[in-house]
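Coordinate analysis (summary)
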Amino acid sequence: MKNFSIGLYIVLPLIACGGNLDDTEVLDTTNPTISCNEAISVNVAASSNGAEVTFATPIGADNFEGAVTKQTEGLISGSTFPVGTTTNTFLVTDMAGNTASCSFNITVSRDVPSSDAPFFVGEDPTPEGRRWAKVENMSDEFNNDVFDDEKWHKDTASDGFGWIGRPPGLFEAENVSVSDGMLNVTTVKFESPKVVNNFEFTHGGAIVRSKNTGNHGMYYECKMKANKTIMSSTFWLSMKNNCDTGPVRKLELDIQECVGRVHGETPAWAKDFANIFHSNTFRHNRECDTGADETQQISGKTVLSEKNHERYFVYGCWWKSPTEVLFYLDGEFAYSITPPTDFDIEAHITMAIETYDWNPVDPTGSIFETGSFDDLTTKYDWVRTWKLEDA
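What comes next is a walk through the structure. (Residues numbered from 1 in each chain as written. Predicted model: local features only at pLDDT ≥ 70, side-chain atom pairs only at ≥ 80, totals over all residues. Heavy atoms only, no water.)

1. Things to note about the overall build of the chain
Formally: Every helix listed is a DSSP run of H or I at least four residues long, and every strand listed is a run of E at least two residues long, numbered separately from the N terminus. Our radius of gyration looks at C-alpha atoms and nothing else; its globule reference is 2.2 Å times the residue count to the power 0.38. For every residue, the accessible area obtained with a 1.4 Å probe (protein chains only) is divided by the maximum for its type, and the residue is called buried under 20%, exposed over 50%, and partly exposed between those limits. Residue contacts are counted whenever heavy atoms from the two residues lie within 4.5 Å of one another. Here the accessible surface of atoms and residues is derived via Shrake-Rupley with a 1.4 Å probe, and residues count as covered only by protein chains that are part of the display. Residues scored as charged are limited to Lys and Arg (positive) and Asp and Glu (negative), so that His and the chain ends carry no count. Charge positions are represented by NZ for Lys, CZ for Arg, CG for Asp and CD for Glu.
A tally of regular secondary structure across the chain gives two helices and 25 strands. For a compact globule of 391 residues, the expected C-alpha radius of gyration is about 21 Å, and the chain comes in at 30 Å, more than 25% above that figure. Its C-alpha atoms give the chain principal-axis dimensions of about 115 × 55 × 45 Å. Looking at the chain as a whole, 45% of its 391 residues are labelled buried. Look at the contacts in the chain between residues 6 or more apart in sequence, and 68% of them connect residues 24 or more apart. Within the structure as shown, the chain displays about 19400 Å² of accessible surface, and the carbon and sulfur contribution to it stands at 47%. Side-chain charges of the chain comprise 30 positive and 57 negative groups, with the mean position of each set lying 5 Å from the other.

2. Points about the environment of Phe120
Position of Phe120 among the secondary structure elements: in the loop between β8 (99-110) and β9 (130-134). Of the residues examined, Phe120 reaches a relative accessible area of 7% and is grouped as buried. Separated by 157 residues in sequence, Phe120 and Phe277 place their C-alpha atoms 17 Å apart. Contact partners of Phe120, with chain neighbours within four places excluded, come to Ser47, Pro125, Thr126, Trp132, Tyr219, Tyr328 and Gly331.

3. Let's talk about the pattern of salt bridges
Quick note on the threshold: For this analysis, a salt bridge means a side-chain nitrogen from Lys or Arg found within 4 Å of a carboxyl oxygen belonging to Asp or Glu.
Tallying each qualifying case throughout the model produces 17 salt bridges. Across the pair Asp390 and Arg130 runs a salt bridge, and its minimum N-O distance is 2.9 Å. Note that Asp390 is positioned in strand β25 (residues 377-390) and Arg130 in strand β9, a separation of 260 residues in sequence. Its salt-bridge partner being Arg384, residue Glu141 comes within 2.9 Å of it at the nearest N-O pair.

4. Focus on the packing of aromatic side chains
In plain terms, the rule: In this scheme Phe, Tyr and Trp rings, the latter by its six-membered ring, pair at centre separations within 6.5 Å, and the angle between planes marks the pair as stacked below 30 degrees, edge-to-face above 60, and tilted otherwise. Counting as a charge over the ring demands two things of the Lys NZ or Arg CZ atom: a distance within 6 Å of the ring centre and an angle within 35 degrees of the ring normal.
Under the counting rule described, the total for this entry stands at 21 aromatic pairs. Between Phe90 and Phe104, the ring centres sit 6.3 Å apart and the planes meet at 0°, which makes this aromatic pair stacked. Of this pair, Phe90 sits in strand β7 (residues 84-93) while Phe104 is found in strand β8, placing the two residues 14 residues apart along the sequence. Members of the aromatic cluster, joined through ring pairs, are Phe120, Trp132, Tyr219, Trp318, Tyr328 and Phe333. A cation over a ring is seen here: Lys154 above Phe147, with NZ or CZ 4.8 Å from the ring centre. Lying over the aromatic face of Phe161, Arg209 brings its terminal NZ or CZ to 3.7 Å of the ring centre.

5. Re the sheet that holds β8
Quick reminder of the rule: Any two strands are treated as partners once DSSP identifies two or more bridges connecting them. Fitted lines through C-alpha atoms serve as axes, helices being fitted only where they are in contact, and the angles separating the N-to-C directions of these axes extend from 0 to 180 degrees.
Strand order across the open sheet formed by four strands is β3-β8-β7-β5, with mixed pairing between neighbours. Of all the strands in the sheet, the pair left with one neighbour each is β3 (40-44) and β5 (68-73). The sheet shows a mean angle of 20° between the axes of neighbouring strands, direction not considered. In this sheet, β8 lies alongside β7 in antiparallel orientation, the contact comprising 10 bridges. In the strand pairing of β8, Gly84 is matched with Val108.

6. Comments concerning the state of the cysteines
For the record, the criterion: Pairs of cysteine sulfur atoms within 2.5 Å are identified as disulfides in what follows.
Enumeration according to the criterion identifies two disulfides in this entry. One disulfide in the model links Cys36 with Cys102; its S-S distance is 2.0 Å. Its torsion about the S-S bond being 70°, the disulfide of Cys36 and Cys102 is classed as right-handed. On the criterion of sequence distance, the pair formed by Cys36 in the loop between β2 (21-28) and β3 and Cys102 in strand β8 is long-range, its members being 66 residues apart. What makes Cys36 buried here is its relative accessible area of 19%. Each disulfide pairs two cysteine sulfurs, and for Cys243 the partner residue is Cys288, the sulfurs being separated by 2.0 Å. Measuring the twist about the S-S bond at about -65°, one finds the Cys243-Cys288 disulfide to be left-handed. Separated by 45 residues along the polypeptide, Cys243 in the loop between β17 (232-238) and β18 (250-259) and Cys288 in the loop between β19 (276-284) and β20 (296-303) bring together distant segments of the chain. Overall, the relative accessible area of 42% leaves Cys243 in the partly exposed class.

7. A word on the nonpolar core
The criterion, for reference: Residues enter a nonpolar core if they are buried and are Ala, Val, Leu, Ile, Met, Phe, Trp, Tyr or Cys, with the set joined through side-chain atoms within 4.5 Å.
In terms of nonpolar packing, the biggest core is built from 45 residues, with Tyr220, Leu253, Trp319, Ile349, Met351 and Tyr380 touching the most fellow members. Considering each element in turn, this core owes the most residues, four residues, to strand β21 (residues 313-321). Core analysis: the next-biggest nonpolar cluster, separate from the first, contains 14 residues, Cys36, Val44, Cys102 and Ile106 among them.

All quantities given are derived from atomic positions and should not be read as evidence of function.
Following this line, the structure appears as structure tokens:
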């Protein structure tokens with residue numbers, strides 16, 4: 001059996017000694033070459049969706065004529081590149097089928113959102129003739145490395161709700177700190193279980209609530225990075241319930257609710273809860289509330305390509321009216337919810353790091369022993385509340 005080489009035979013005319021033309025076949029097995037640009041980084045305004053970027057389009061070279069260069073991935077020069085990293089790849093193919101490729105990245109980054117206005121990307125929903133004013137007593141940049149007791153509760157005995165946590169996770173004020181410009185709520189595993197109110201707790205988290213209240217019409221937002229454990233990272237609005245003097249409706253507006261990790265014991269419906277933007281409006285079942293025979297819940301969600309603990313996300317909510325709530329992720333509109341009843345009760349901003357029975361502590365949850373402070377901590381860069389006023 002003969003061996004064959006695959007390639008293109010290039011026919012080159014050669015002049016023999018006697019002056020006659022002769023054809024000699026040359027096998028082309030040499031790959032072409034191509035060189036790409038260096039990576040390109042562009043910064044845009046916080047409200048921008050992308051940037052127009054131009055670059056020199058790579059062209060391949062070969063030892064014979066006829067090589068063709070094509071872009072196989074990314075966007076062409078002069079396109080509007082979205083926020084994030086776009087990989088541009090170019091492939092050169094010669095007449096013999098030999099190839100070579102190269103790639104380079106174009107990264108578009110948004111500037112830090114202004115602290116003087118809500119973070120909106122693309123279409124700004126601010127009504128004509130109106131502007132947003134910051135509600136200072138419900139906003140905090142956490143830049144003083146001191147927990148502001150004038151603005152926030154961290155002790156469940158004094159916050160007016162008296163909720164100590166859902167077993168096995170106990171809320172403890174000592175797990176709350178402010179450092180390096182961040183509000184930190186750290187998760188812990190106790191050396192031995194603690195029994196409080198006849199319930200056994202094996203892990204600790206915390207709950208932080210605003211001392212002041214807001215209502216519909218306001219915009220609420222935070223910049224948060226989730227912890228990496230089975231425990232939650234949240235940003236929501238809690239309303240008090242009073243069966244004697246009212247309001248008798250027990251409402252809850254969750255702006256963001258996620259966990260750090262899921263596992264084999266997490267039910268199928270919650271498998272995305274470590275990479276999700278998830279919101280709820282609740283009318284909880286209470287004996288004195290004759291309008292709710294059972295808990296009523298309407299939710300919205302966006303499944304993310306990133307884990308909630310991989311970076312800081314900005315979670316926002318315009319509680320536009322008692323019947324309309326709009327939710328924003330990194331400044332972009334995500335979805336809206338029509339609540340199950342009128343949402344018109346004063347609410348406290350709430351940040352709770354807790355356990356759920358549907359995402360239990362699993363036997364392989366060693367991160368509580370081996371994780372770093374950052375792994376175990378939900379971090380809030382800032383919390384901001386806004387109200388509309390005449391421009």
